[in-house]
Every structure is written in structure tokens, then in C-alpha cells.
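# Observations on chain architecture
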Amino acid sequence: FLCARAAVREFLRRGVKPEISPAAGKIVCMSSVHQVIPWAGHANYATTKGGIHMLMESLAQELSPSRIRVNSVLPGAIRTPINRAAWDAPEALRDLLRLIPYGRIGEPEDIAKAVAWLASDESDYVNGANLPVDGGMLLYPGFDGHG
């Protein structure tokens with residue numbers, strides 16, 4: 001919220017410069033698939049991600065007339081040190097991959113590419129969107145056999 005507020009002030013001060021971009025600014029929020037998927041034992045995490053969801057959509061609605069785009073990236077399981085226990089051991093990785101229809105854990109570069117696209121003018125008409133980068137986790141793979 002504080003970062004977005006500071007960015008918005010600067011974007012409004014600068015305004016649109018068509019020779020640079022059709023947008024006055026772009027904000028990309030980092031959320032998670034857990035803004036959608038409940039996570040027992042991690043209510044604090046899922047709740048904050050749900051809050052980011054509403055923050056992003058409210059900001060997008062409010063700032064669109066000023067040509068400031070606001071979107072979110074929703075990472076799934078990404079190979080980072082914070083979740084090493086979920087992918088470092090073969091058994092843990094096998095369990096994790098059951099949640100990912102695409103069959104691989106995400107890499108930090110997967111998220112970086114999505115953020116770069118949302119921050120570029122290639123996505124100029126994308127606003128108020130949640131972009132899952134999750135290998136299909138939001139497809140609820142536990143229901144792939146008809147539940």
C-alpha cells in the first residue's frame with residue numbers, strides 16, 4: 001500500500017508522456033494463488049493475499065481514469081529458499097507436483113517474465129487483472145478425476 005501510494009503520487013505528478021508510454025504508470029502487485037485457494041494452517045498468509053487482491057482491484061478502478069494500470073501476479077509454487085522444504089527432498093517434491101498439473105515447480109524467472117510483461121506497454125490494455133503463474137494450480141488438480 002505504501003509503495004503504491006508513493007508511486008501513484010509520482011505518476012500523477014509526471015502524467016502521461018505519449019512519447020514514452022500510453023500509460024502514466026504501471027503497478028504490479030505480488031499476490032499468490034492463495035488469494036483464491038484456502039490454505040489450512042496458513043490463514044494469515046491467505047488472508048493477506050486476499051487483501052492484496054482487493055487492494056489491486058480497488059486501485060485499478062480508482063486510477064484507471066488517470067491512465068495508471070494496476071495488476072497482480074499470482075505465483076504458485078516457486079523454487080525459492082523460503083519453501084525449500086517443499087521441493088528439496090524427492091518425496092516432498094513428488095507431493096508438491098501432485099498440486100501442479102503442468103508437472104514442474106516454477107522458477108523465479110517465470111515470475112520475472114510475467115511482471116516484465118505487465119510493466120511493459122505490450123500489456124497496455126490489461127488493467128485490474130490477476131495473472132496466475134502457477135503451472136495450473138488454480139485448476140484444482142485434486143478434482144481432475146471428477147472429484
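Just so it is clear, the model here is predicted, and its values are computed rather than measured.

Helix and strand counts for the protein chain stand at 4 helices and 3 strands. Listing every helix and strand of the protein chain by position from the N terminus yields α-β-α-β-α-α-β. Seen through its principal axes, the protein chain has C-alpha atoms that stretch 55 × 30 × 30 Å. Classification of the 147 residues of the protein chain by burial places 33% in the buried group. Relative to all contacts within the protein chain whose residues are 6 or more apart in sequence, the contacts with residues 24 or more apart total 71%.

Together, Val36, Tyr140 and Phe143 line one region of the surface with nonpolar side chains, adding up to about 310 Å² of accessible area. Mapped onto the fold, Phe143 is located in the segment after β3 (130-133).

The next point concerns the pattern of salt bridges. Applying the stated criterion across every chain, the model contains 7 salt bridges. Across the pair Arg104 and Asp110 runs a salt bridge whose closest N-O atoms are separated by 3.0 Å. Overall, the relative accessible area of 39% leaves Arg104 in the partly exposed class.

The alternating pattern of strand β1 (residues 25-30) places Gly25, Ile27 and Cys29 on a buried face and Lys26, Val28 and Met30 on a face that is not buried. Of the pairings in the sheet, the one linking β1 to strand β2 (residues 68-75) comprises 6 bridges and is parallel in character. The residue of β2 that forms the bridge with Met30 is Val73. As for the winding sense of the linkage, the β-α-β connection from β1 through helix α2 (residues 43-63) to β2 is right-handed.

Turning next to the nonpolar core. Among the nonpolar cores identified, the biggest contains 12 residues, and these are Ala4, Val8, Phe11, Ala24, Ile27, Cys29, Met56, Leu59, Ala60, Leu63, Ile68 and Val70. Broken down by element, this core gets its largest block of residues, 4 residues, from α2. Contact partners of Val70, with chain neighbours within four places excluded, come to Ile27, Cys29, Met56, Leu59, Ala60, Leu63, Asn127, Gly128 and Ala129. Counting residues in each nonpolar core, the second largest holds 8 residues, with Val33, Ala77, Ile105 and Met137 among its members.

Positive phi, close to 65°, is recorded for Arg67, a residue that is not glycine. Looking at the element boundaries, Arg67 is found in the loop between α2 and β2. A residue is classified by how much of its surface remains accessible, and Arg67, at 41% relative accessible area, is partly exposed. Located in the positive-phi region is Tyr140, a residue other than glycine, with phi close to 50°. Position of Tyr140 relative to the elements: it lies in the segment after β3.

What follows covers the environment of Ser58. Here Ser58 is to be found in helix α2. You can call Ser58 partly exposed: its relative accessible area is 37%.

As a further point, take the packing of aromatic side chains. Evaluation of the coordinates by the stated rule reveals 1 aromatic pair. Above the plane of the ring of Trp87 lies Arg79, whose end atom (NZ or CZ) is 5.2 Å from the centre.

Thresholds, definitions, all that
- In this numbering scheme, every chain counts its residues from 1 along its sequence in written order.
- With pLDDT at 70 or above as the cut-off, local features in this predicted model cover only qualifying residues; side-chain atom pairs require 80 or more to be listed or tallied, and sums for whole chains, interfaces and linings still use all residues.
- Where side-chain values are given, they derive from all heavy atoms of the structure, hydrogens and water being excluded.
- Comment: elements are numbered from the N terminus, with helices defined as DSSP H or I runs of at least four residues and strands as E runs of at least two.
- To sort residues, take the accessible area from a 1.4 Å probe on protein chains only and compare it with the maximum for the residue type: under 20% means buried, over 50% means exposed, and anything in between is partly exposed.
- Here, two residues are considered to be in contact whenever any of their heavy atoms come within 4.5 Å of each other.
- Patch members must show over 30% relative accessible area and no salt bridge, and they are joined within 9 Å when carrying like charges or within 5 Å when they are nonpolar side chains of Val, Leu, Ile, Met, Phe, Trp or Tyr.
- The protein chains shown are the only cover counted for residues, whose accessible areas, like all others here, come from Shrake-Rupley with a 1.4 Å probe.
- In what follows, salt bridge is the name for a side-chain nitrogen of Lys or Arg lying within 4 Å of a carboxyl oxygen of Asp or Glu.
- Should DSSP find at least two bridges between two strands, the strands are regarded as paired.
- Crossover handedness is defined here as right-handed if the route from the first strand over the helix to the second strand goes clockwise, with the strands pointing away from the viewer.
- By nonpolar core is meant a set of buried Ala, Val, Leu, Ile, Met, Phe, Trp, Tyr and Cys residues that side-chain atoms within 4.5 Å join together.
- A pair of aromatic rings is counted whenever rings of Phe, Tyr or Trp (Trp by its six-membered ring) have centres within 6.5 Å, and the orientation is called stacked for planes under 30 degrees apart, edge-to-face for over 60 and tilted otherwise.
- Here, a charge over a ring means that NZ of Lys or CZ of Arg falls within 6 Å of the ring centre while also lying within 35 degrees of the ring normal.

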